[in-house]
Amino acid sequence: MFGHKKRHIVRLLLVEDEPLVAFDNEHALSDAKFEIVATVDRVATALAAIEAGGDIDLVVADVQLADGSGIDVARAAREAGLRVLFVTGSCPEGAETLAEGWLAKPYSPKDLVAAIQVIEARVAGKARKRLPTGFELFEAA
């Protein structure tokens, strides 16, 4: 009734092959009231989760994965109509055509939550004045 705003990004698919980073992300995002649909560490598992057509609002994907590239995950997500946030050490070439933005590793849990909130604000048609440290929002996404 009072103060409840409609959230556009709630359900997240996390694609991260570093166990400690994945664990930290799960906790930070759960504490921020996001629902983690799945946390996966392989391209094939991420592709299967996307193809299953579950309720996913945003794919948070590392680019360098042990069994391949998060770019393949982002392509599949885009084809399925899903938004993507890259979380990686360096922004891959062509990322602006596949993702909403990218957050540079290493990042704080606070900056991860803030980056997702910036993407959510844009989806809702609202402007965010300040971007979190290490985050670049792509214009054409």
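Residues numbered from 1 in each chain as written. Predicted model: local features only at pLDDT ≥ 70, side-chain atom pairs only at ≥ 80, totals over all residues. Heavy atoms only, no water.

### Regarding the packing of aromatic side chains
Scanning all chains against the criterion turns up zero aromatic pairs. Here the basic side chain of Arg7 rests over the ring of Phe34, its NZ or CZ set 4.5 Å away from the ring centre. (Phe/Tyr/Trp six-rings, centres within 6.5 Å; stacked < 30°, edge-to-face > 60°. Lys NZ or Arg CZ within 6 Å of the ring centre and 35° of its normal.)

### Notes on the pairing of strand E6 (residues 83-88)
With five of its six residues buried, E6 lies for the most part within the structure. Sheet topology places strand E3 (residues 58-61) next to E6; four bridges connect them, and they run parallel. The partner of Val60 across the bridge, within E6, is Leu85. In this structure, E6 lies alongside strand E7 (residues 101-104), joined through four bridges in parallel fashion. Among the inter-strand pairings, Leu85 is bridged to a residue of E7, identified as Gly101. (Buried < 20%, exposed > 50% of the residue type's maximum accessible area, 1.4 Å probe, protein only. Helix = DSSP H or I, 4+ residues; strand = E, 2+ residues; numbered from the N terminus. Pairing = 2+ DSSP bridges.)

### Here's the deal with the packing of helix H1 (residues 19-31) against helix H4 (residues 109-123)
Remark: H1 packs on H4, axes separated minimally by 9 Å, with the N-to-C direction vectors making an angle of 55°. Accordingly, the angle class assigned to the pair H1 and H4 is oblique. Here H1 and H4 pass one another in a crossing that is right-handed. Every residue of H4 that contacts H1 at Asn25, Ala28 and Leu29 is listed here: Pro109, Leu112, Val113 and Ile116. For the contact of H1 with H4, a count of residues per class yields six nonpolar, one polar and no charged. (Axes fitted to C-alpha atoms, helices over the stretch in contact; angles between N-to-C directions. Parallel < 35°, antiparallel > 145°, perpendicular 65-115°, else oblique. Left-handed = near helix turned anticlockwise from the far one by under 90°. Contact = heavy atoms within 4.5 Å. Nonpolar A, V, L, I, M, F, W, Y, C, P; charged D, E, K, R; others polar.)

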